[in-house]
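# Descriptive analysis of the structure
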Amino acid sequence: MELRSVEELMDLLYACRGERPPAGHGGGPGDPHGHALRTAALLRRRRPADKELQLAGLVAPVGRLLWPGDPAARTADAVRPLLGARVARLVRRQAHPEGWAHDDDLASLRQADDEARTADFDAGVLEDWRTVLELTAARNSRLGLVD
């Protein structure tokens, strides 16, 4: 699946509400929607200028709704046309720990992901992220036309 609009992505993110990880998922978040919001909010606090990194934390759960294959790979493939290669790379590589030690972005993403599992704070609502998604999609679209 290839996402072509922010609205399609928002629909998938909203669909993650109430979704539960499969049995034996290995300690995944109980509420992927809330976990994604907390991860993105933590990244926003730590790296406020890095919108792509924040979005990588936000969109991670949508792969659970797309079939078949690895959820991280499905998410990366789905968001690449809309949010760009960097967001897709971060989402794909986050699920595979090799190389984290040498990549500050992945280390930050992983740290926020881990902290979001136990953090208890109001991370806002998904609608708070619409403008960031739209701006990133518009920038990626302009870059795609030039390339």
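This write-up is about the structure you can find in this document. (Residues numbered from 1 in each chain as written. Predicted model: local features only at pLDDT ≥ 70, side-chain atom pairs only at ≥ 80, totals over all residues. Heavy atoms only, no water.)

Broken down by element type, the chain carries seven helices and zero strands. Burial statistics for the chain: of 147 residues in total, 47% are counted as buried. When contacts within the chain are restricted to residue pairs at least 6 apart in sequence, those whose partners lie at least 24 apart make up 64%. (Helix = DSSP H or I, 4+ residues; strand = E, 2+ residues; numbered from the N terminus. Buried < 20%, exposed > 50% of the residue type's maximum accessible area, 1.4 Å probe, protein only. Contact = heavy atoms within 4.5 Å.)

Contact geometry of helix α2 (residues 32-46) with helix α6 (residues 104-118) gives a least axis separation of 8 Å together with a crossing angle of 130 degrees. By the criterion of interaxial angle, the relationship of α2 to α6 is oblique. The crossing of α2 and α6 is right-handed. From α2, His35, Arg38, Thr39, Leu42, Leu43 and Arg46 reach across to α6, where they touch Ser108, Leu109, Gln111, Ala112, Asp113, Glu115, Ala116 and Arg117. When the residues that make up the contact of α2 with α6 are grouped by side-chain class, the tally is five nonpolar, four polar and five charged. (Axes fitted to C-alpha atoms, helices over the stretch in contact; angles between N-to-C directions. Parallel < 35°, antiparallel > 145°, perpendicular 65-115°, else oblique. Left-handed = near helix turned anticlockwise from the far one by under 90°. Nonpolar A, V, L, I, M, F, W, Y, C, P; charged D, E, K, R; others polar.)

Applying the stated criterion across every chain yields a total of zero aromatic pairs. Here Arg44 stacks its cationic end above the ring of Trp129, 3.8 Å away from the centre of that ring. The aromatic ring of Phe121 is capped on one face by Arg45, whose charged end is 4.4 Å from the ring centroid. (Phe/Tyr/Trp six-rings, centres within 6.5 Å; stacked < 30°, edge-to-face > 60°. Lys NZ or Arg CZ within 6 Å of the ring centre and 35° of its normal.)

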